[in-house]
Amino acid sequence: MSLGTAGRTLVGAARGIPRASALTRRYTAVSGAAAVLEKELDTIRAAGTWKAERIITSRQGPQINVDGSRGSILNFCANNYLGLSSHPEVVQAGIEALKSHGAGLSSVRFICGTQDIHKKLEQKLAQFHERDDCILYASCFDANAGLFEVLLGPEDAVLSDELNHASIIDGIRLCRAQRLRYKHMDLGDLENKLKEAQASRLRLIVTDGVFSMDGDVAPLQGICDLAEQYGAMVFIDECHATGFLGPRGRGTDELLGVMDRVHIVNSTLGKALGGAAGGYTVGPKPLIDLLRQRSRPYLFSNSLPPPVVGCATRAVELLLASSEIAQSMAAKTMRFRNKMTQAGFTIAGSAHPICPVMLGDARLASLMADDMLKLGVYVIGFSYPVVPKGKARIRVQISAAHTDEDIDRCVDAFIQTGRTHEVIS
């Protein structure tokens, strides 16, 4: 008998539990849990909503290599809106940061995890968004988890669009404010909820700038009008807008002319701004200072690794220097939307690079996505619980790195697959 086994047997005996009995109970508990989990997994498979992960064997970009597929595949499902995740200058900046500042900090920010490059990136992000200050997080999910609990208390109210991102919903659950959910982009319902919340100390309207599953753009002008009428602040999540919406790519608030009327912005470094990881909050300096003191995801998570900081900083610098990349998005987006509509497909949302091809049935969306891959186009079917039941879709995302020929090939593959599955005639 090994020393470890002997020790465990003695401990079991000392506790008055026969070793065999303890093992039996342990295995019974594990097998019981496994049976419950397998039943749930079988339900997901039977519903056609199983989410398989395809393995990419190349860097992210408009063309990728996928395990099990021959040759280069056109990629139309990444959030790499500006193609910066493999931009030579962005990649080089990450390499240089790795050499000069190491692989990681092995610590949280307030202990020994803040470097000069973190402060530089925060300054550039505040400049980019034209806000007072900025605080970095490991992800925008963490930024959303860290904000509301710090800002709002029991005497406050938060008014949230019913289709806000899951991270916003989870973040709001952590705070003790009165929670009022208004119908999706419904200004009338928002006004009614604002009237209900008039006795509150602070009122915060919370919305995605762009809703990631549908490509809808929030009616920020109307939201800001109501906020000013009823004495509320406005928060937007800009993960699917930062870098490419608006004349200079500043986001939804710039697109709709309300940059000076939106008070708090959360966004990500993991999409248009280099595509690696990380999130942030920009807003009034007192708020950012308070988040540094009390925001739990900030206080208890390691700092962003220097290579990520280096890549993101160079991405922001490129956008501060020129809006040319951001301005190239509109024409490419409309090319895809117009051609798909003409072919008979239903495309949700507005003039946004997120182009949901609405199919309804979850199994159909999954099968069509598999058939598209065989034609050399990588797209993914979205179904419940990511989107509501009965609203399954294939969400296509246009990138500035896509050529017109890439877009036309994608449309042709949709037409061929759509006819095979009798989605279009």
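So, a few notes on the structure that sits alongside this text. Computed from a predicted model, the values in this text were never measured in an experiment.

Quick look at the overall build of the protein chain now. Summing up its helical and strand segments, the protein chain has 17 helices and 15 strands in all. For a compact globule of 425 residues, the expected C-alpha radius of gyration is about 22 Å, and the protein chain comes in at 24 Å, within 12% of that figure. Put simply, of all contacts in the protein chain between residues at least 6 apart along the chain, 70% involve residues at least 24 apart. Summed over all atoms, the accessible surface of the protein chain reaches about 19700 Å², with 53% contributed by carbon and sulfur. For the protein chain, the distance from the average position of its 47 positive side-chain charges to the average position of its 45 negative side-chain charges is 7 Å.

Here we take up the pairing of strand S11 (residues 279-283). Extensive coverage of S11 is indicated by the burial of five of its five residues. Pairing geometry for strand S3 (residues 133-137) and S11, over five bridges, is antiparallel. The residue bridging Cys134 from the neighbouring strand is Val282, located in S11. Inspection of the sheet shows strand S10 (residues 264-268) paired to S11 by four bridges, in the antiparallel sense.

Right, let's talk about the nonpolar core for a bit. Formed by 55 residues in total, the largest nonpolar core has its most connected members in Leu82, Leu125, Ile205 and Leu269. Looking at this core, the element that brings in the most residues is helix H13 (residues 306-321), giving eight residues. Those residues in contact with Ile205 that sit more than four places away from it in its chain are Leu159, Tyr182, Leu190, Leu194, Ile223, Ala227, Ala232, Met233, Val234 and Phe235. Of all hydrophobic cores here, the second largest spans 28 residues; its members include Leu74, Cys355, Leu359 and Ala369.

Turning our eyes to something else, we now look at the pattern of salt bridges. Applying the stated rule across the entire model yields 24 salt bridges. Glu122 serves as the salt-bridge partner of Arg109, at 3.2 Å between the closest nitrogen and oxygen. Taken as a pair, Arg109 in helix H4 (residues 109-112) and Glu122 in helix H5 (residues 116-129) lie far apart in primary sequence, 13 residues in all. Take Arg109 and Glu122: they sit in the same class, and that class is buried. Close ionic contact of Glu228 with Arg261 constitutes a salt bridge, the shortest N to O distance being 2.7 Å.

What follows concerns the side chain of His129. Counting through the fold element by element, His129 comes out in helix H5. A relative accessible area of 1% means that His129 is categorised as buried. Apart from residues no more than four positions distant in its own chain, His129 is found in contact with Thr242, Arg250, Met259, Val265, Tyr280 and Val282.

Moving on, we get to the packing of helix H3 (residues 88-101) against H13. It is the contact of H3 with H13, at a shortest axis distance of 7 Å, that shows an interaxial angle of 140 degrees. Comparing their axes, H13 and H3 come out oblique. Helix-helix and strand crossings are classified by hand; for H3 and H13 the assignment is right-handed. On H13, the residues touching Glu89, Val90, Ala93, Gly94, Ala97, Leu98 and His101 of H3 are Pro306, Pro307, Gly310, Cys311, Arg314, Ala315 and Leu318. Among the residues making up the contact of H3 with H13, the classes are represented as nine nonpolar, three polar and two charged.

How each quantity is defined
- Residues numbered from 1 in each chain as written.
- Predicted model: local features only at pLDDT ≥ 70, side-chain atom pairs only at ≥ 80, totals over all residues.
- Heavy atoms only, no water.
- Helix = DSSP H or I, 4+ residues; strand = E, 2+ residues; numbered from the N terminus.
- Rg over C-alpha atoms; globule rule 2.2 N^0.38 Å.
- Contact = heavy atoms within 4.5 Å.
- Areas by Shrake-Rupley, 256 points an atom, 1.4 Å probe, with all protein chains shown as cover.
- Lys, Arg positive; Asp, Glu negative; His and termini not counted.
- Charge placed at Lys NZ, Arg CZ, Asp CG, Glu CD.
- Buried < 20%, exposed > 50% of the residue type's maximum accessible area, 1.4 Å probe, protein only.
- Pairing = 2+ DSSP bridges.
- Core = buried A, V, L, I, M, F, W, Y, C linked by side-chain atoms within 4.5 Å.
- Salt bridge = Lys/Arg side-chain N within 4 Å of Asp/Glu carboxyl O.
- Axes fitted to C-alpha atoms, helices over the stretch in contact; angles between N-to-C directions.
- Parallel < 35°, antiparallel > 145°, perpendicular 65-115°, else oblique.
- Left-handed = near helix turned anticlockwise from the far one by under 90°.
- Nonpolar A, V, L, I, M, F, W, Y, C, P; charged D, E, K, R; others polar.

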